[in-house]
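Read off the chains here:
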Amino acid sequence: MDLLTQVDELIANAPADPATVAAVQAIAPILYEEAQRYGQTVYYVLQTRDGQWQVITLEEQQPPHQQKNVIHAYGSEAMAQEACDEQVIPVAMPIIPLLFQLLAAEPVDSLMILEADGERGWEVGRQWLLAQVRSILSAPPDIA
């Protein structure tokens with residue numbers, strides 16, 4: 001599914017109240033722009049049997065030993081399968097809804113996107129993405 005179709009579906013599936021639809025329409029270009037950076041339109045996340053994303057806590061090896069909670073998005077089902085155990089299963093997620101859900105993933109600091117080639121990867125910081133969204137939602141409407 002291409003990115004524009006994903007955006008259209010995100011907006012179409014927004015709750016029916018006008019404020020929410022307007023907010024989703026306003027932030028959709030941010031999600032679209034971010035999604036264009038990646039090589040694919042669908043990634044695989046690991047979910048527990050009850051549908052929760054697998055969140056992994058990473059800790060820096062060097063002081064100050066900061067921790068961060070991340071979700072991995074794998075570029076292929078085979079990559080995701082390699083990271084599975086009996087507690088989780090890989091689930092295909094289009095990138096636009098994945099980025100949208102990251103906004104609400106309270107305990108998560110970052111989404112780690114790993115491309116299918118195994119050579120490239122990106123980190124999408126949740127706070128950075130939220131700041132982008134807040135800047136759009138708090139901007140005054142264009143009066144011109």
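Residues numbered from 1 in each chain as written. Predicted model: local features only at pLDDT ≥ 70, side-chain atom pairs only at ≥ 80, totals over all residues. Heavy atoms only, no water.

*Asks:* I tried to follow the pattern of salt bridges on my own but got confused; where do I start?
*Replies:* Proximity of charged atoms lets side chains of opposite charge pair with each other. Using the criterion set out here, one finds four salt bridges in the structure. Its salt-bridge partner being Glu-34, residue Arg-37 comes within 2.7 Å of it at the nearest N-O pair. A residue is classified by how much of its surface remains accessible, and Arg-37, at 42% relative accessible area, is partly exposed. Between Arg-120 and Asp-117 there is a salt bridge; the shortest N-O distance is 2.9 Å. Residue classification places Arg-120 among the partly exposed positions, given a relative accessible area of 41%. (Salt bridge = Lys/Arg side-chain N within 4 Å of Asp/Glu carboxyl O. Buried < 20%, exposed > 50% of the residue type's maximum accessible area, 1.4 Å probe, protein only.)

*Asks:* Can you help me understand the environment of Gln-25 in this one?
*Replies:* Locating Gln-25 in the fold gives a position in helix α2 (residues 18-35). Distance from Gln-25 to Val-7, taken between C-alpha atoms, is 8.7 Å for residues 18 residues apart in sequence. (Helix = DSSP H or I, 4+ residues; strand = E, 2+ residues; numbered from the N terminus.)

*Asks:* Help me understand the packing of helix α1 (residues 3-12) against α2 in this model?
*Replies:* For the pair α1 and α2, the least separation of the axes is 10 Å and the interaxial angle reads 155 degrees. Judged on the interaxial angle alone, α2 and α1 are roughly antiparallel. Seen along the crossing, α1 lies across α2 with a hand that is right-handed. Contacts from Leu-3, Leu-4, Val-7, Leu-10 and Ile-11 in α1 reach Val-24, Gln-25, Ala-28, Leu-31, Tyr-32 and Ala-35 in α2. (Axes fitted to C-alpha atoms, helices over the stretch in contact; angles between N-to-C directions. Parallel < 35°, antiparallel > 145°, perpendicular 65-115°, else oblique. Left-handed = near helix turned anticlockwise from the far one by under 90°. Contact = heavy atoms within 4.5 Å.)

*Asks:* Would you take a moment to explain the packing of α2 against helix α4 (residues 95-104) for this structure?
*Replies:* Packed helices, taken two at a time, are described by their axes: the angle between them and the distance between them. Their axes nearest at 9 Å, the elements α2 and α4 cross at an angle of 115 degrees. Here α2 runs over α4; the crossing is right-handed. Judged by residue contacts, Val-24, Ile-27, Leu-31, Tyr-32, Glu-34 and Ala-35 of α2 engage Ile-95, Ile-96, Leu-99, Phe-100 and Leu-103 from α4. The residue inventory of the contact of α2 with α4, partitioned by class, reads ten nonpolar, no polar and one charged. (Nonpolar A, V, L, I, M, F, W, Y, C, P; charged D, E, K, R; others polar.)

*Asks:* Whenever I open this one, the nonpolar core confuses me. Can you help?
*Replies:* Side chains that are nonpolar tend, in soluble globular proteins, to be buried together. Counting 31 residues, the largest nonpolar core has Ile-95, Leu-98 and Leu-111 as its most contacted members. The residues contacting Leu-98, other than those within four sequence positions of it, are Tyr-43, Val-45, Trp-53, Ala-73, Met-93 and Leu-111. (Core = buried A, V, L, I, M, F, W, Y, C linked by side-chain atoms within 4.5 Å.)

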